[in-house]
Amino acid sequence: MMEEKVFARTPGLTDKPFHYCPGCTHGIIHRLIAETMCEMGILETSIGVSPVGCTYNNYEYFACDMVQAAHGRAPAVATGIKRVHPDHTVFTYQGDGDLAAIGTAEIVHAAARGEKISTFFVNNAIYGMTSGQMAPTTLIGQVTTTSPFGRSADAQGYPINVSEMLATLQGAVYIERVSVTGVKQIRQAKKAIRKAFYVQQAGLGFSMVEILSTCPTNWGQDPVSALQWVDEAMMKQYPLGVFRGSEIEVKPEWK
Amino acid sequence: MNKRVLMKGNEVIAEAAVRAGCRHYFGYPITPQTEIMHYMARRMVEAGGVMVQAESEVAAINMVYGASAAGARVLTTSSSPGISLKQEGFSYIAGAELPAVVVNIVRGGPGLGGILPAQGDYFQATKGGGHGDYRNIVLAPASVQELYELTVEAFNLADRYRMLTMILGDGTLGQMMEPVAFREEEPIDSSDKPWAVTGFKAAEREHNTIQSIYIEADDLEALNNRLQEKYQIIRQQEVRSEQVNCENADVIVAAFGTCSRICRNVIRDAAALGIHVGLVRPITLWPFPDAAVVSAADQSSVQAVLTVELNAGQMVEDVRLAVNGLKPVYFHGRTGGNMPTQKEILDKIRSIVGR
Amino acid sequence: MSRIEIKEERCKGCGLCVSVCPKKIITLKRDTLNSRGFHPAGVTDMSACIGCAFCATICPDAVIEVWKETKRT
């Protein structure tokens, strides 16, 4: 009887244990990005930009060069890095407050300029780190610490569909929304991450993967129910799919 | 023999940066410094560098942060309202210990203010407009030639100390044209940057991280102590100032930048009336040249110190601190883009000496 | 025989692996607490493991490693 190891912890992650809440999907997404960098052989030539939010310190978790940015500024910081090292792979990792509230100008313009960077947008419809406030992506009716009666369009406006919005920009050549609610979805998310890196390496322009994620703690749900809420509620507002670049194929010769 | 070229101050800043090895410029238009970006839009391309017109001054300073983290010499320029926007970035640059050069071509404030020259950003520049315990090196040129030389030096200081160096100019300096003599080669302190995020080979180093957050009190205090030690070294080694005619003066005038040029002329006007005026011109506003101010003020001949500024009284506070009660310190200033005339300043001196 | 190993000390007892195992052989060990106060996941019947790695794929803390049985050539 022989066995083969089919799943090991990727060297793209450092050994530091994640500080995230039990069941938080940040951990899954970190792992997918780290695995992809290793599989593509780009760990040593990638530079990531950490946001402000629960994952402010993900520079401690990724084993590539990392720079932490001020809240919302990651796409501008990534622009600076990529303009200095155009041959390296530069990515930002941002939550919904970082990207869709305080950082809206920076993400729109990095995408519009077609900056050859890849953004991984973790959308869990709430602010985690600061304990549960409404996010620009919070759903109508969703209860948060700053919408305690449920978000009302009258009082708090409507959620923002970032992928659809950025898809209007010519410089944004690949935009896909995925989720990580089950094994099948996780595998699709990983494909999207890989495609984003390929698009960058091929010099085509800006790429973004929006990843519907959970926040069990601030949603007041257990981790498994939280995944279900993504499927049942979040996806009604944020359908999965490719919004730009469906025609781009990941060619074997791109490494 | 160095060629002398008649150039506009703003353009000289851009030219100096390129000569100092800067190949990354990030900017946003704002009067009265936009010519820097126009010049860079061509010059950077010619030099094989990068010029990005960012979506805001906020974005520009964050591009600077990123490019500096990546190991490059990098410049952004703006004017007062735009510099206000950059203060968050300055604090992050200080905390992450990144080299960067920023130019503020100061205009009138507060608020949208005016587009005429002023010196009203002295506090913001030297006391820190961003949050936390940090300093920026602040250089105050007073001529287009000095704009050139100090801009080149700013890159060396920034790299040497891993911090932000600011050129505090004003609208007059930015817009005026004077002859500039460029050196054949610039003195470039090329420091190794092993801490930069450049990609790596596992055999040569581990991965680098650049950040400014330290959750544990002891860790954050260690960073602050490290910064303060650095600033102390800079206070000892990088102070610059000019003293003109100070020996046995009746009155010492303290002024920087454009204002110092007006005061320099007053020396001659006062001499005609038998009043001996000396000028102390700080060139580094931080670190402030306390010793130069004190050595000029602490003479038995000196009756008082007069600080003249294009603001409502900012550097005068540092002058008072330095003089520390040795002699009375007076202030004369104009705001809004108005300049004190030589006669105004002379009248003030005459009222001090009583003739 | 396929098998998995779970780093018990780093498991947060989130239960995601439990929910995706097609053989339903993972549970949270209610009678065990790791040093961080969590009930770690554990396998009830390793002989039923098919090495699909669904558990490792969804584990947010990357604490599961998987070995799959291979036929001798």
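For clarity, every value in this text was computed on a predicted model and none was experimentally measured. (Residues numbered from 1 in each chain as written. Chains lettered and ligands numbered in written order. Predicted model: local features only at pLDDT ≥ 70, side-chain atom pairs only at ≥ 80, totals over all residues.)

Q: Before we go on, may I ask you to explain the pairing of strand S7 (residues 206–212) of chain A in this structure?
A: Residues and elements named next belong to chain A. Counted residue by residue, S7 has seven buried out of seven residues, so it is predominantly covered. Neither face of S7 is left uncovered, since the one carrying Phe-206, Met-208, Glu-210 and Leu-212 and the one carrying Ser-207, Val-209 and Ile-211 both have all their residues buried. Note on the crossover from strand S6 (residues 172–179) through helix H7 (residues 183–201) to S7: the handedness is right-handed. (Buried ≥ 20, exposed ≤ 12 C-beta atoms within 10 Å, placed from the backbone. Helix = DSSP H or I, 4+ residues; strand = E, 2+ residues; numbered from the N terminus. Right-handed = clockwise from strand over helix to strand, strands pointing away.)

Q: Quick question: what am I supposed to make of the interface of chain C and chain A here?
A: Accessible area lost during the coming together of the parts is what is often quoted as the interface size. Taken together, the contact pairs 26 residues of chain C with 26 residues of chain A. Looking at the side of chain C that touches chain A, the elements that each hand over two or more residues are helix H1 (16–20), helix H2 (54–58) and strand S4 (64–70) of chain C. Element by element, the count of residues in the side of chain C that touches chain A is highest for S4(C), at six residues. Broken down by class, the residue content of the side of chain C that touches chain A amounts to 13 nonpolar, six polar and seven charged. (Contact = placed C-beta atoms within 7 Å. Nonpolar A, V, L, I, M, F, W, Y, C, P; charged D, E, K, R; others polar.)

Q: Got a minute to help me understand the domain arrangement of chain B in this structure?
A: Residues and elements named next belong to chain B. Domain boundaries assigned for chain B yield domain 1 (4–199 + 225–237) and domain 2 (242–353). Between the C-alpha centres of domain 1 and domain 2 there is a distance of 27 Å. Tallying the contact residues gives 26 residues for domain 1 and 21 residues for domain 2. Elements with a contribution of two residues or more to the side of domain 1 that touches domain 2: helix H6 (122–126), strand S6 (137–139), strand S7 (164–170), helix H8 (171–175) and helix H9 (217–237). (Domains from an automatic or database assignment.)

Q: Please explain the interface of chain B and chain A as it appears in this structure.
A: Each partner contributes residues to the interface: chain B has 34 residues there, and chain A has 27 residues. Looking at chain direction, strand S3 (residues 65–68) of chain A and strand S9 (residues 209–210) of chain B are connected through two bridges and run parallel. Bridge pairing in S9(B) places A:Met66 opposite B:Thr209. (Pairing = 2+ DSSP bridges.)

Q: I'm lost on helix H11 (residues 290–297) of chain B in this one. Help?
A: All names here are of chain B. Ala-292, Val-293, Ala-296 and Ala-297 are the residues of H11 that are buried. Around the axis of H11, the buried residues are gathered within 125° of arc, so they sit on the same side. At its buried positions, H11 is contacted by strand S10 (241–244), strand S11 (251–254), strand S12 (277–282), strand S14 (304–309) and helix H12 (315–323). (Arc of directions from axis to C-beta.)

Q: I would appreciate a short explanation of the sheet that holds S7(B) in the present structure.
A: The strands that make up a sheet are held in pairs by hydrogen bonds between backbone atoms, and each pair lies either parallel or antiparallel. Residue and element names in this part refer to chain B. If you trace the seven strands from one edge of the open sheet to the other, you get S3-S2-S4-S5-S7-S6-S13, paired in mixed fashion. A single partner strand is all that each edge strand has here, and the edge strands are strand S3 (50–53) and strand S13 (284–286). Neighbour-to-neighbour, the strand axes of this sheet turn through a mean angle of 20°, independent of strand direction. Here four bridges tie strand S2 (residues 24–27) to S3, and the two strands are oriented parallel to one another. The residue of S3 that forms the bridge with Phe-26 is Val-52. Against the sheet, helix H7 (residues 144–161) contacts strand S5 (100–106), S6 and S7, and its axis sits at roughly 160° relative to S7. (Axes fitted to C-alpha atoms, helices over the stretch in contact; angles between N-to-C directions.)

Q: Hey, could you run me through the packing of helix H2 (residues 74–84) of chain A against helix H3 (residues 57–69) of chain B in this one?
A: The angle between the axes and the distance between the axes are what describe a pair of packed helices. Packing of H2(A) against H3(B) brings their axes to within 6 Å, and their N-to-C directions diverge by 45°. By the angle between their axes, H2(A) is oblique relative to H3(B). Considering the relative orientation of H2(A) and H3(B), their crossing is right-handed. Residues A:Ala76, A:Val77, A:Ala78, A:Thr79, A:Gly80, A:Ile81, A:Arg83 and A:Val84 of H2(A) form the contact with H3(B), whose participating residues are B:Ala59, B:Asn62, B:Met63, B:Val64, B:Tyr65, B:Gly66, B:Ala67 and B:Ala69. Among the residues forming the contact of H2(A) with H3(B), the class breakdown is eleven nonpolar, four polar and one charged. (Parallel < 35°, antiparallel > 145°, perpendicular 65-115°, else oblique. Left-handed = near helix turned anticlockwise from the far one by under 90°.)

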